[in-house]
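# Results of the structural survey
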Amino acid sequence: SAVISQKPSRDICQRGTSLTIQCQVDSQVTMMFWYRQQPGQSLTLIATANQGSEATYESGFVIDKFPISRPNLTFSTLTVSNMSPEDSSIYLCSVGPGGSDTQYFGPGTRLTVL
Amino acid sequence: RKEVEQDPGPFNVPEGATVAFNCTYSNSASQSFFWYRQDCRKEPKLLMSVYSSGNEDGRFTAQLNRASQYISLLIRDSKLSDSATYLCVVDGPSGTYKYIFGTGTRLKVLA
């Protein structure tokens, strides 16, 4: 399986600011995804990060709020823009597909917005 | 109806017990099914894929019933270290490699 790192691991931010989260993989991967996990909830897919083109967003998520970059096959960033307390969540990147279409997750970024 | 539904629990069981979790999914075209385990404040980790014929990995057995759109996970001889949230995961639209997650079932194994 791939080794995935995320930076920062956690942050506390002020309302109205933006935070960029980085996801680095130790090998080239076809698919990279960004998820959100709100407190006590399961994971919700934000978008699929496509290498060399714009990300594909899920219903309820827009590029202005969550711009994503994917400059190569091992790296992606997610920015949470103009943050509000409702954005407090864990943000996880994942990569795939592995064998039998499996995905592997990064350790997550725990964001608190005051 | 939610796309993937699980009983949230918590399931509190003694060490050594056998416990079963169930999951239903709404899309009859789904092809790939998984159980992930998530420890508190950690990322989800793949526990096992679920195959049509059912599959076993040590103390863990997964079953798929396509007719009823139902997946199960059986844990035998529960250990304290099995305490976690178990996430039922189903693939999204064909070719997208997206995952759809259930809300998870919490398991606590008691000494």
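Right above here is the structure, for reference.
Residues numbered from 1 in each chain as written. Chains lettered and ligands numbered in written order. Predicted model: local features only at pLDDT ≥ 70, side-chain atom pairs only at ≥ 80, totals over all residues. Heavy atoms only, no water.

## A look at the packing of aromatic side chains
Filter applied, for reference: Geometry of aromatic contacts follows a simple scheme: Phe, Tyr and Trp rings, the Trp one being its six-membered ring, pair when their centres are within 6.5 Å, and the pair is stacked under 30 degrees between planes, edge-to-face over 60, tilted otherwise. Going along the chain from the N terminus, every DSSP run of H or I of four or more residues is numbered as a helix, and every run of E of two or more is numbered as a strand. Burial here depends on accessible area, computed with a 1.4 Å probe over protein chains only, as a share of the maximum for the residue type. Under 20% is buried, over 50% is exposed, and the range in between is partly exposed.
Tallying each qualifying case throughout the model produces 14 aromatic pairs over all chains. Aromatic side chains phenylalanine 105 of chain A and tyrosine 36 of chain B sit 5.8 Å apart centroid to centroid with 90° between the ring planes, which places their arrangement in the edge-to-face category. Residue phenylalanine 105 of chain A is located in strand β10 (residues 104-105), and its partner tyrosine 36 of chain B is located in strand β4 (residues 33-38); the two belong to separate chains. The same class applies to phenylalanine 105 of chain A as to tyrosine 36 of chain B, namely buried. Judged by centre distance (5.3 Å) and plane angle (35°), the rings of phenylalanine 21 of chain B and tyrosine 86 of chain B are tilted. Of this pair, phenylalanine 21 of chain B sits in strand β3 (residues 19-25) while tyrosine 86 of chain B sits in strand β9 (residues 84-91), and the two are 65 residues apart along the sequence. For phenylalanine 21 of chain B, a relative accessible area of 1% corresponds to the buried category.

## Let's talk about the interface of chain A and chain B
Here is the rule we go by: Here, residues are in contact when the closest pair of their heavy atoms is within 4.5 Å. The quantity reported as buried area is the accessible area (1.4 Å probe) lost by two parts once they are put together, taken as the sum for both. When a carboxyl oxygen of Asp or Glu is within 4 Å of a side-chain nitrogen of Lys or Arg, the pair counts as a salt bridge. Identification of polar contacts relies on pairs of N or O atoms within 3.5 Å, with a donor-acceptor requirement for protein atoms, meaning one able to donate a hydrogen and the other able to accept it, and with residues adjacent in sequence counted only if both atoms are side-chain atoms.
Facing 21 residues of chain A, the contacting portion of chain B comprises 18 residues. In total, chain A and chain B occlude about 1,600 Å² of area from one another, counting both sides; carbon and sulfur atoms represent 55% of this. Of the charged contacts in the structure, one is a salt bridge between glutamate 58 of chain A and lysine 98 of chain B, with a shortest N-O distance of 2.6 Å. Counting the contacts that link chain A with chain B gives five residue pairs in polar contact (both at pLDDT 80 or more). Among the elements of the structure, β4 (31-37), β5 (43-49) and β10 of chain A are those that each provide at least two residues to the side of chain A that touches chain B.

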